[in-house]
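A closer look at the structure
Here are the chains, one letter per residue:
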Amino acid sequence: MRNADRVTAALLLAFAVAFSVGAVKNYQWWGAGGPGPAFVPFWLGLVMALLALMMLVRSLREKNPGAAWFPRGEGLRDMLVVLVVTVAYVALLDVTGMVVGTALYLAVLVWYLGKHRWWVTLSVALGAGLFNWLVFVHWLRVPMPEGMFWTF
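All of the points below concern the structure found in this document. Starting afresh in each chain, residues are numbered from 1 along the sequence in its written order. Only residues with pLDDT of at least 70 are given local features in this predicted model, and only at 80 or more are side-chain atom pairs given and counted; all residues enter the totals for whole chains, interfaces and linings. With hydrogens and water stripped out, all remaining heavy atoms of the structure feed into the side-chain values.

**Here's the deal with the overall build of the chain**
- Across its full length, the chain carries 6 helices and 2 strands.
- Along the chain, from the amino end to the carboxyl end, the secondary structure elements read α-β-β-α-α-α-α-α.
- Note on method: radius of gyration uses C-alpha positions; expected globular size equals 2.2 Å times residues raised to 0.38. The C-alpha radius of gyration of the chain comes to 20 Å, more than 25% above the 15 Å expected for a compact globule of 152 residues.
- Each of the three principal axes of the chain carries a C-alpha extent, and together these read 55 × 55 × 25 Å.
- In the chain, which comprises 152 residues, the share counted as buried stands at 25%.
- Should any heavy atoms of two residues lie within 4.5 Å, those residues are counted as being in contact. Across the chain, the fraction of contacts at a sequence separation of at least 24, relative to all contacts at a separation of at least 6, is 59%.
- If you sum the accessible surface of the chain, you get close to 10800 Å²; carbon and sulfur atoms cover 74% of it. By the criteria applied, helices consist of DSSP H or I runs no shorter than four residues and strands consist of E runs no shorter than two, each listed in order from the N terminus. Only protein chains enter the accessibility calculation, which uses a 1.4 Å probe; a residue is then buried when its area is under 20% of its type maximum, exposed when over 50%, and partly exposed in between. Only the protein chains shown count as cover for residues, with accessible areas throughout obtained via the Shrake-Rupley method and a probe of 1.4 Å.

**Digging into the packing of helix 1 (residues 2–26) against helix 2 (residues 39–61)**
- Following both chains from N to C, one finds helix 1 and helix 2 inclined at 160°, their axes separated by 8 Å at the closest point. The orientation of helix 1 with respect to helix 2, classified from their angle, is roughly antiparallel. The handedness of the crossing between helix 1 and helix 2 is left-handed. Axis lines are fitted to C-alpha atoms, over the contacting stretch for helices. Their N-to-C directions set the angle, which ranges from 0 to 180 degrees. In this scheme, roughly parallel covers angles under 35 degrees and roughly antiparallel covers those over 145, while 65 to 115 is roughly perpendicular and the rest are oblique. Here a crossing is called left-handed whenever its near helix is offset anticlockwise from the far helix by less than a right angle, and right-handed whenever the offset is clockwise.

**Re the pattern of salt bridges**
- We define a salt bridge as a contact between a side-chain nitrogen of Lys or Arg and a carboxyl oxygen of Asp or Glu at a distance within 4 Å. Applying the stated criterion across every chain yields a total of 2 salt bridges.
- Across the pair Arg58 and Asp5 runs a salt bridge, and its minimum N-O distance is 3.3 Å. Residue Arg58 is found in helix 2, and its partner Asp5 is found in helix 1; the two are separated by 53 residues along the sequence.
- The partner of Arg77 in a salt bridge is Asp78, and the shortest N-O contact between them spans 3.7 Å.

**Section: the side chain of Ser20**
- Tracing the backbone through its elements, the reader meets Ser20 in helix 1.
- According to the relative accessible area criterion, Ser20 is buried, its value standing at 6%.
- Polar contacts here mean pairs of N or O atoms no more than 3.5 Å apart (in protein, one a potential hydrogen donor and the other a potential acceptor; neighbouring residues in sequence count only if both atoms are side-chain atoms). Within polar-contact distance, the side chain of Ser20 engages the backbone oxygen of Phe42 at 2.9 Å.
- Within polar-contact distance, the side chain of Ser20 engages the backbone nitrogen of Leu46 at 3.1 Å.

**As for the packing of helix 5 (residues 98–114) against helix 6 (residues 118–139)**
- Put simply, helix 5 and helix 6 touch, their axes get as near as 8 Å, and they point 150° apart. Viewed along their axes, helix 5 and helix 6 adopt a mutual orientation that is roughly antiparallel. The crossing of helix 5 and helix 6 is right-handed. Every residue of helix 6 that contacts helix 5 at Met98, Val99, Thr102, Ala103, Leu106, Ala107, Val110 and Trp111 is listed here: Thr121, Val124, Ala125, Ala128, Gly129, Asn132, Trp133 and Val137.
- Each residue receives one of three labels: charged for Asp, Glu, Lys and Arg, nonpolar for Ala, Val, Leu, Ile, Met, Phe, Trp, Tyr, Cys and Pro, and polar for the others, Gly being one of them. Taken together, the residues of the contact of helix 5 with helix 6 sort by class into 12 nonpolar, 4 polar and no charged.

Quick look at the structure:
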């Protein structure tokens, strides 16, 4: 796992730095009323970078190489299913909409990976869909893809 941790930490560190730099470069840091739209993303990126750096240092100090970092067998199959379902989720987002698409995405993953009962799967999917709608659509009024199944 040491190599996987190194690769993951380096990628996360690069992403976090780019995230913070992009926030400051593309958005206003401070406005007349206080913190601007760059304030939270900048600090979030900074915290992500710190955590990634800690992970990288830990992996560099680790002496034991650990197990193989690329999955085989059932792990590889599960990874490919998650990849295919995620690509389908993003590709069909304009058709399904964010709320319904997220609920379907989580339903498939909870059912397939977790092997949970149908009522647990439906509860997670409906709860996530309701949470998405309540927070982002209703409270924050964030424009999201509605799809052909969801029009409010």
